[in-house]
Amino acid sequence: MSDQIKFIVDNLNKEPFKKNYNLITFDSLEPMQLLQVLNDVLAEIDPKQVVDIREEMPEQTAKRMLSLLGILKYKPPGNATDMSIFRQGLVIGSKPVIYPVLHWLLQRTSELKKRAYLARFLIKLEVPNEFLQDETVADTNKQYEELMEAFKTLHKECEQLKTSGFSTAEIRKDISAMEEEKDQLIKRVERLKKRVETVQNHQRMLKIARQLRVEKEREEFLAQQKQEQKNQLFHAVQRLQRVQNQLKSMRHAAADAKPESLMKRLEEEIKFNSYMVTEKFPKEMENKKKELHFLQKVVSEPAMDHSDLLELESKINEVNTQINQLIEKKMMRNEPIEGKLSLYRQQASIISRKKEAKAEELQEAKEKLANLEREVSLKTNQTREFDGTEVLKGDEFKRYVSKLRSKSTVFKKKHQIIAEFKAEFGLLQRTEELLKQRHENIQHQLQTIEEKKGISGYSYTQEELERVSALKSEVDEMKGRALDDMSEMVKKLNSLVSEKKSALAPVIKELRLLRQKCQELTQECDEKKSQYDSCAAGLESNRSKLEQEVRGLREECLQEESKYHYTNCMIKNLEVQLRRATDEMKAYVSSDQQEKRKAIRQVIFFILSYLMEQYTKNIAEQENLGKKLREKQKAVRESHGPNMKQAKMWRDFEQLMECKKQCFLKQQSLTSIGQVIQEGGEDRLIL
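- Under an unreviewed UniProt entry, the name given to the protein is Intraflagellar transport protein 81 homolog, and the source organism is Sciurus carolinensis.
- Its UniProt record gives the protein a comment under Subcellular location (unreviewed entry), which states: "Cytoplasm, Cytoskeleton, Cilium basal body".
- Listed under Sequence similarities (unreviewed entry) in UniProt, the entry text for the protein is "Belongs to the IFT81 family."

Have a look at this one:
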């Protein structure tokens, strides 16, 4: 118990509680204060529990704490298994009940925070079945369950991302690489801007190009919308065809069917449904209720030890032996009438079992059929979403297979042609290498001949001149093409701009009217807002004044209440001391020696208790003083380095100012000796 209290006190003195308790002060807490400490710990786990228990009824406090402890899956220890005792202990603030709860909560605070956070979203609200018959309630309940499942998946992904451990080094490398790419792009844009600035009317051309880009984006968006609408139309047509086919099949089935067969089928369905409702479902409900009752009984019982399990096993063995004995007695009797009835009962039980088994098989088959139909519809929807076509059936599938075979033959032929091209490419590559080697040899021979003749570099310069002339001709052609393209582009852009202007003229007129309306509405809004702000400011000032008055009155009430309790305690202490003093005077005045000794002992005990109280007060004061001094020492240590730097900076500043002062004095002394004045291009010295 002492280790438990020590652990609780140590954790309460740490962040985020900072209670500054020791073992004596914590053990001397009143039940109300102990309940407040427990409520503070629960509020740290779940912020909704931030409540002052003095302003709350004890039953509400116990109910709130029990509900949260149930969510956190707290199980009372062995000495508090009875829930009524546990509730009573929570209400009155019993230490044997609250200490284990605090110890359990402080051991696993982070885990319980996570559990309380998840409980806010994962505790399902049970809706009665009679309310679920309403479509809106059922839809909202379904959305609620879907949102809960989505929250579960998102929370799992979040936890996986937290535990995946992306290395910061890789992220920093990616960021640095992206910054380098950004710098390169900025430089490239600047180069392009400089290159474009040399062109005449570049601003107008850039504006036209920007408008062209916007129109192209709009054209792409419209094309995408057109494609989506085509797909929707295609899906709608296919859906219409399917519905028409279903209608035809149903009409055909209704036309071919006879009323006798329909009645027979309906009677079979009614018999099956009545059997399920009257016999099978009630039995299953009874079994489920029994299982639920048994499970509730198991949950309400305390946790079992090994000895309890052994006792249960022994009881089970005894009951089994009794059952075997009863069966043997019944077999010894062996009455003939009972034997015949047992045969009929066995047959009836076998038939009922077969009936139940067939009903279960039929139910399973129906469920499988429904699941398969659902899967088929999902697969068809998926294939329709992927390529917008229906699933092929029968002759269409055979045609599709024949097309695939023809395409596979074509593919094989093309593959063979590609292999021949690859072989020919290898031969050409080899011939290219041989020709390059021969060209290098010829160039080497040509260089040796040029060196012998004394004209080395002639062929190289000739090749360079030819290459430069070819490049110049290509650049000239490209310039001519670019100018033609730009002129055509400018013409197209001018025509597009004129068309857009004519199209946007009515829209601009409407926009002007809307702008005027917007200005009027903004003016009205500003006026209303100013009125609202003035009214809100007046109400806020009145509310703040009233809150200050209420706060002051509450503080006065608390002070008066504390004074009242303090004076009552002092009066009681003085009455006790006065009673003790009168008793001691009576004993001291009496002639009996034993009473005198008792009085002396009481005086000594009273003195010792008074000294102990004084010493405990002094110890507490010295502990608080030592704690404050340690905090002050810590603060001085933390601020020692910055303070020393600041002092050094002040000394340097003082030296700098002294140096400036000396320089200023020297300058004044120099100016007092002589002054140079420049006028009209001449220098004059004034002494």
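Quick notes on the overall build of the protein
Here comes step 1: When helices and strands are tallied, the protein shows 17 helices and two strands.
Here comes step 2: Burial statistics for the protein: of 687 residues in total, 11% are counted as buried.
Here comes step 3: Restricting the contact set of the protein to residue pairs at least 6 apart, pairs at least 24 apart contribute 55%.
Here comes step 4: Surface summary for the protein: the accessible area is close to 59900 Å², and the carbon and sulfur share equals 58%.

A closer look at helix 4 (residues 58-71)
Here comes step 1: For helix 4, with 14 residues, the first-to-last C-alpha span of 20 Å sits near the 20 Å given by 1.5 Å per residue.
Here comes step 2: Along helix 4, the positions that sit buried rather than exposed are T61, A62, R64, M65, L66, L68 and L69.
Here comes step 3: Where helix 4 is buried, its residues meet helix 3 (31-45), helix 5 (83-92) and helix 6 (95-107).

Structural notes on the pattern of salt bridges
Here comes step 1: Using the criterion set out here, one finds 10 salt bridges in the structure.
Here comes step 2: The salt bridge partner of K113 is E44, with a shortest N-O separation of 3.0 Å. In this pair, K113 sits in helix 7 (residues 109-122) while E44 sits in helix 3, placing the two residues 69 residues apart along the sequence.
Here comes step 3: Residue E540 is joined to R543 by a salt bridge in which the shortest nitrogen-to-oxygen separation is 2.4 Å. With a gap of three residues between them, E540 and R543 both fall in helix 16 (residues 458-589), about one helical turn apart.
Here comes step 4: A relative accessible area of 41% means that E540 is categorised as partly exposed.
Here comes step 5: We classify R543 as partly exposed; its relative accessible area is 39%.

Re the packing of aromatic side chains
Here comes step 1: In this structure the tally under the stated criterion is two aromatic pairs.
Here comes step 2: With a centroid separation of 5.9 Å and an interplanar angle of 85°, the aromatic rings of W650 and F653 are classed as edge-to-face. One end of the pair is W650 and the other is F653, both in helix 17 (residues 593-673) and three residues apart, which spans about a single turn.
Here comes step 3: On the accessibility criterion, W650 (55% relative accessible area) is exposed.

A look at the nonpolar core
Here comes step 1: Among the nonpolar cores identified, the biggest contains 33 residues, and L12, F26, L38, L72, F86, L102 and L105 are the most heavily contacted of them.
Here comes step 2: For this core, the secondary-structure elements that each account for two or more residues are helix 1 (2-13), helix 3, helix 4, helix 5, helix 6 and helix 7.
Here comes step 3: Per-element tally for this core: the top contributor is helix 6, with eight residues.
Here comes step 4: For L72, the contacting residues outside a window of four places in its chain are I45, W104, L105, L112, R115 and A116.

What about a negative patch on the surface?
Here comes step 1: Residues E179, E180, E181 and D183 make up a contiguous surface patch of negative charge.
Here comes step 2: Take D183: it is sitting in helix 10 (residues 168-197).
Here comes step 3: On the basis of relative accessibility, which here comes to 42%, the residue D183 falls in the partly exposed class.

Thoughts on the packing of helix 3 against helix 4
Here comes step 1: Where helix 3 contacts helix 4, the axes come no closer than 12 Å and their chain directions differ by 40°. One element, helix 3, and the other, helix 4, form an angle in the oblique class. Here helix 3 runs over helix 4; the crossing is left-handed. Between helix 3 and helix 4, the residues in contact are L35, L38, N39 and L42 and R64, M65, L68 and L69, respectively.
Here comes step 2: For the contact of helix 3 with helix 4, the per-class residue count stands at six nonpolar, one polar and one charged.

Observations regarding helix 7
Here comes step 1: In a regular helix each residue adds 1.5 Å, so 14 residues correspond to 20 Å; helix 7 covers 20 Å between its end C-alpha atoms and thus fits that length.
Here comes step 2: Within helix 7, burial applies to L112, A116, L118 and A119.

Some words on the packing of helix 4 against helix 5
Here comes step 1: The geometry of helix 4 relative to helix 5 is characterised by a closest axis approach of 9 Å and an angle of 125° between their N-to-C directions. Considering their axes alone, helix 4 and helix 5 lie oblique with respect to each other. As for how helix 4 packs across helix 5, the hand of that crossing is right-handed. Between helix 4 and helix 5, the residues in contact are P58, A62, M65, L66 and L69 and F86, R87, L90 and V91, respectively.
Here comes step 2: When its residues are assigned to classes, the contact of helix 4 with helix 5 shows eight nonpolar, no polar and one charged.

Things to note about a nonpolar patch on the surface
Here comes step 1: Among the surface-exposed residues, I607, L608, Y610, L611, Y615 and I619 lie close enough to one another that they form a single nonpolar patch of about 600 Å² accessible area.
Here comes step 2: Among the secondary structure elements, I607 is positioned in helix 17.
Here comes step 3: Judged by relative accessible area, I607 falls into the partly exposed class, the value being 42%.

Observations regarding a positive patch on the surface
Here comes step 1: Judged by side-chain charge, K187, R188, R191 and R195 come together as a positively charged surface patch.
Here comes step 2: In this fold, R188 is placed in helix 10.
Here comes step 3: The exposure class assigned to R188 is exposed, which follows from its relative accessible area of 52%.

Here's the deal with the environment of T448
Here comes step 1: Inspection of the secondary structure puts T448 in helix 15 (residues 395-453).
Here comes step 2: A residue is classified by how much of its surface remains accessible, and T448, at 31% relative accessible area, is partly exposed.
Here comes step 3: Within the structure, the side chain of T448 is placed 2.4 Å from the backbone oxygen of Q445, a separation counted as a polar contact.

Analysis parameters
- Residues numbered from 1 in each chain as written.
- Predicted model: local features only at pLDDT ≥ 70, side-chain atom pairs only at ≥ 80, totals over all residues.
- Heavy atoms only, no water.
- UniProt positions renumbered as here; feature names shortened; annotations may be inferred.
- Helix = DSSP H or I, 4+ residues; strand = E, 2+ residues; numbered from the N terminus.
- Buried < 20%, exposed > 50% of the residue type's maximum accessible area, 1.4 Å probe, protein only.
- Contact = heavy atoms within 4.5 Å.
- Areas by Shrake-Rupley, 256 points an atom, 1.4 Å probe, with all protein chains shown as cover.
- Expected span 1.5 Å × (residues − 1).
- Salt bridge = Lys/Arg side-chain N within 4 Å of Asp/Glu carboxyl O.
- Phe/Tyr/Trp six-rings, centres within 6.5 Å; stacked < 30°, edge-to-face > 60°.
- Core = buried A, V, L, I, M, F, W, Y, C linked by side-chain atoms within 4.5 Å.
- Patch = residues over 30% accessible without salt bridge, like charges linked within 9 Å, V, L, I, M, F, W, Y side chains within 5 Å.
- Lys, Arg positive; Asp, Glu negative; His and termini not counted.
- Charge placed at Lys NZ, Arg CZ, Asp CG, Glu CD.
- Axes fitted to C-alpha atoms, helices over the stretch in contact; angles between N-to-C directions.
- Parallel < 35°, antiparallel > 145°, perpendicular 65-115°, else oblique.
- Left-handed = near helix turned anticlockwise from the far one by under 90°.
- Nonpolar A, V, L, I, M, F, W, Y, C, P; charged D, E, K, R; others polar.
- Polar contact = N/O pair within 3.5 Å; in protein donor to acceptor, adjacent residues only side chain to side chain.

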